[in-house]
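Structure assessment
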Amino acid sequence: MNENQLQTYGEIAEDIREILFTPEEIQQRVSELGQAISRDYTGRNPLLVGVLKGVVFFMADLLRAMTIPVELDFIAISSYSPESRGRGVVRMVKDLEIPISGRDILFVEDVIDTGLTLNYILRNLKARQPSSLEVCVLFDKPERRLIDIPIRYKGFELPNRFVVGYGLDHREKYRNLPFVGLLKPGVFQSR
Amino acid sequence: MSLNNNNRPQFAHPSEEAFARILDYYGIEWQYEPRTFALEWDENHNVIEGFTPDFYLPQQDLYVELTMLRPELSTHKNRKLRRIRELYPEINIKLFKRRELHSLMVKYGLDLESERLENSSPQDDTH
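This write-up is about the structure you can find in this document. Computed from a predicted model, the values in this text were never measured in an experiment.

**Some remarks on the nonpolar core**
By size, the foremost hydrophobic cluster in this structure holds 46 residues, and its most contacted members are Phe107 of chain A together with Phe19, Tyr26, Phe55, Leu57 and Val64 of chain B. Ignoring anything within four residues of it in the chain, the contact list for tyrosine 26 of chain B reads Ser79, Tyr80, Val90, Leu116, Thr117, Tyr120 and Arg123 of chain A together with Tyr108 of chain B. Among the nonpolar cores identified, the runner-up in size contains 28 residues, and Ile37, Leu158, Val163 and Leu168 of chain A belong to it.

As structure tokens, then:
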């Protein structure tokens, strides 16, 4: 995609070097995932759980691509940062509102890279004894994986690069881009 | 392995310490340089070349080697990793490369560590 095409997305796209997945490609894949999940979970009333904030775009589109009754809940956890590292370990800053014991849980995630965060969340959810716990991820960065995570549904594989858009951020920016693109190098090298 | 005053290992490189802190934060158990793998022996069966991965993650049964080397200078380390996989096929080992480390630092907003890594000598590697 050339500069002119990127300009159609406005000021927010100025820092983008290249589009990796167009809005149409993303919607197509999300629709396929929604259909697959609907088939597999028919009659089970699954609870879809997401971790704020990046997943909200994917979650909203995935839910609308599904054709079975589902419930929805979110958690939020503290992420590692220079400020939080002195305070010890990761913690849940917003817990689920719906009990999950005995339920079929589908954990929905926008991106998995090292697996560190997801490993923590899955351990936490498993301890609450759901009937089943599966993972659906839209973007996977397998090259950066440290902790093995079993993924039941996967959208796309991403290269080990700085990508943003469709929920993926860099310092809280670019989440609202409708596509996924590579950031220009100067953007992530400087604050 | 020597320990400092806080009962933490004396890390050979600041990036290793930053990596250990991230593992701690997410509740991942780790050991620092717990085992050396012999790679070459002389005719008297003395070890003449070994390799000590930086971290072992017991819950994952995974060794992790961090490298600060730029890809074009990693030939020697890559050869050692190939050799370790040949000789010890039962172990899981992952090479966490300079670019991956840098991405991790940027992701967690560790500007100082990321800058330090970016400015570190490409040969500033301990193994």
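**What about the pattern of salt bridges?**
Residue and element names in this part refer to chain A. If you walk through the whole model with that rule in mind, you get 23 salt bridges over all chains. The partner of glutamate 172 in a salt bridge is lysine 53, and the shortest N-O contact between them spans 3.1 Å. Placement of glutamate 172 in the loop between strand S8 (163–164) and strand S9 (180–183) and of lysine 53 in the loop between strand S2 (47–51) and helix H3 (56–65) is noted, with a sequence separation of 119 residues between them. We classify lysine 53 as partly exposed; its relative accessible area is 48%. Among the salt bridges present, the one from lysine 94 reaches aspartate 73, with a minimum N-O distance of 3.8 Å. Here the residue lysine 94 occupies a position in strand S4 (residues 92–94), and aspartate 73 occupies one in strand S3 (residues 71–77), the gap between them amounting to 21 residues. Residue aspartate 73 is classed as buried on the basis of its relative accessible area of 5%. One salt-bridge network, in which partners are shared between bridges, spans Lys53, Asp169, Glu172 and Arg175.

**Digging into a positive patch on the surface**
Taken together, the side chains of Arg17 and Arg161 of chain A together with Lys97 and Arg99 of chain B define a basic patch exposed on the protein surface. Its place among the elements puts arginine 161 of chain A in the loop between strand S7 (153–157) and S8.

**Overview of the packing of helix H1 (residues 14–25) of chain B against helix H3 (residues 98–107) of chain B**
The description of two packed helices rests on the angle between their axes and on the distance between the axes. All names here are of chain B. Closest axis-to-axis distance for the H1/H3 pair is 11 Å, and the angle between their directions is 55°. Looking at the two axes, H1 sits oblique to H3. Seen along the crossing, H1 lies across H3 with a hand that is left-handed. On the side of H1, the interface is formed by Ser15, Ala18, Phe19 and Ile22, while H3 contributes Leu101, Leu104 and Met105. Grouping the constituent residues of the contact of H1 with H3 by class yields six nonpolar, one polar and no charged.

**Structural notes on unusual backbone geometry**
The residue after leucine 52 of chain A, namely lysine 53 of chain A, is reached through a cis peptide bond having omega 10°. Although it is not a glycine, glutamate 172 of chain A adopts a positive phi angle of roughly 75°. Positive phi, close to 45°, is recorded for glutamate 33 of chain B, a residue that is not glycine.

**Regarding the side chain of arginine 144 of chain A**
Mapped onto the elements, arginine 144 of chain A comes out in the loop between strand S6 (132–140) and S7. With near-sequence residues (within four places) excluded, arginine 144 of chain A lies in contact with Asp113, Thr114 and Asn160 of chain A together with Lys94, Phe96, Glu100, Ser103, Leu104 and Lys107 of chain B.

Scoring rules and cut-offs
Residues numbered from 1 in each chain as written. Chains lettered and ligands numbered in written order. Predicted model: local features only at pLDDT ≥ 70, side-chain atom pairs only at ≥ 80, totals over all residues. Heavy atoms only, no water. Core = buried A, V, L, I, M, F, W, Y, C linked by side-chain atoms within 4.5 Å. Buried < 20%, exposed > 50% of the residue type's maximum accessible area, 1.4 Å probe, protein only. Contact = heavy atoms within 4.5 Å. Salt bridge = Lys/Arg side-chain N within 4 Å of Asp/Glu carboxyl O. Helix = DSSP H or I, 4+ residues; strand = E, 2+ residues; numbered from the N terminus. Patch = residues over 30% accessible without salt bridge, like charges linked within 9 Å, V, L, I, M, F, W, Y side chains within 5 Å. Areas by Shrake-Rupley, 256 points an atom, 1.4 Å probe, with all protein chains shown as cover. Lys, Arg positive; Asp, Glu negative; His and termini not counted. Charge placed at Lys NZ, Arg CZ, Asp CG, Glu CD. Axes fitted to C-alpha atoms, helices over the stretch in contact; angles between N-to-C directions. Parallel < 35°, antiparallel > 145°, perpendicular 65-115°, else oblique. Left-handed = near helix turned anticlockwise from the far one by under 90°. Nonpolar A, V, L, I, M, F, W, Y, C, P; charged D, E, K, R; others polar.

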